[in-house]
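# Inside the fold
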Amino acid sequence: MTKTVQKRTLATRARLLEAASAVITESGYEALRVEEVVKRAGVAKGTFFAHFADKDALMDRLIGEGINRCLDDLEQCKAPEDVEELVASLMPLLEFMTCERYVFDVILRYSGAAAIEQIGDIAMTFERHGRVVSAWLTDGPFRRDVSTQLLAEGIQAFAVQAMALKFCALHASESMEGRLLSYLRAWLIV
């Protein structure tokens, strides 16, 4: 009996995720509405809330999956030999994370958690990103006076700043890539 219920629960969750992905493909993340997702999935609204606390919890899952796909690609890249290669490697991830202002806002809200049980998909991607970048920094012409983990955390911080300024009317004249290059040249090269 438990296996049947679990199988049905997993199938329902998969239908909800599939329906949400279809809406996003057609209209974008911000345009997604719970009503449209349940309609496409063929379930009641209460069923949605049995699987996800709210729309943002669904977005945590979907955006986290998108970030993980980008990280899968990054893990296949060879270690960058200079700052320019490092930034070029990171750009597909940063472009996904800033594809919509709403996506970036959700990422910021879900990048950390107040309690262990609240850690979601997006928060886990930040940890994974740190591991991927830290591994890249073990070789190459990057500074050696601090740990690669600290360097990776600095890269994350500078990337978040560059992404945030992409949405700022006062600072949008410089590209995200150009801004990140400036930051990382100062941070990684001694």
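Residues numbered from 1 in each chain as written. Predicted model: local features only at pLDDT ≥ 70, side-chain atom pairs only at ≥ 80, totals over all residues. Heavy atoms only, no water.

Before going further, it helps to spend a moment on the packing of helix α4 (residues 55-76) against helix α7 (residues 121-136). Following both chains from N to C, one finds α4 and α7 inclined at 15 degrees, their axes separated by 8 Å at the closest point. As the angle between them shows, α4 and α7 are arranged roughly parallel. Handedness of the crossing formed by α4 with α7: left-handed. Residue-level contacts link Met59, Asp60, Arg61, Ile63, Gly64, Ile67, Asn68, Leu71, Asp72, Leu74 and Glu75 of α4 to Asp121, Ile122, Thr125, Arg128, His129, Val132 and Trp136 of α7. Residue composition of the contact of α4 with α7, grouped by class: eight nonpolar, four polar and six charged. (Axes fitted to C-alpha atoms, helices over the stretch in contact; angles between N-to-C directions. Helix = DSSP H or I, 4+ residues; strand = E, 2+ residues; numbered from the N terminus. Parallel < 35°, antiparallel > 145°, perpendicular 65-115°, else oblique. Left-handed = near helix turned anticlockwise from the far one by under 90°. Contact = heavy atoms within 4.5 Å. Nonpolar A, V, L, I, M, F, W, Y, C, P; charged D, E, K, R; others polar.)

Take the packing of aromatic side chains next. Under the counting rule described, the total for this entry stands at six aromatic pairs. It is arginine 13 that lies over the ring of phenylalanine 52; its NZ or CZ is 4.6 Å from the centre. (Phe/Tyr/Trp six-rings, centres within 6.5 Å; stacked < 30°, edge-to-face > 60°. Lys NZ or Arg CZ within 6 Å of the ring centre and 35° of its normal.)

Below, the discussion takes up the state of the cysteines. A full pass over the atoms with the stated rule returns zero disulfides. In this structure cysteine 99 is a free cysteine whose sulfur lies 9.4 Å from that of cysteine 70, the closest cysteine sulfur available. (Disulfide = S-S within 2.5 Å.)

If you look at the biggest cluster of nonpolar residues, it comprises 56 residues, and the most contacted ones within it are Ile63, Leu86, Met97, Ile155, Leu184 and Leu188. At the level of secondary structure, the elements contributing two or more residues to this core comprise α1 (2-27), α2 (34-41), α4, α5 (83-97), α6 (101-110), α7, α8 (148-166) and α9 (176-188). Broken down by element, this core gets its largest block of residues, nine residues, from α5. If sequence neighbours within four positions are ignored, methionine 97 has contacts with Ile67, Val103, Phe104, Ile107, Phe126 and Met163. (Core = buried A, V, L, I, M, F, W, Y, C linked by side-chain atoms within 4.5 Å. Buried < 20%, exposed > 50% of the residue type's maximum accessible area, 1.4 Å probe, protein only.)

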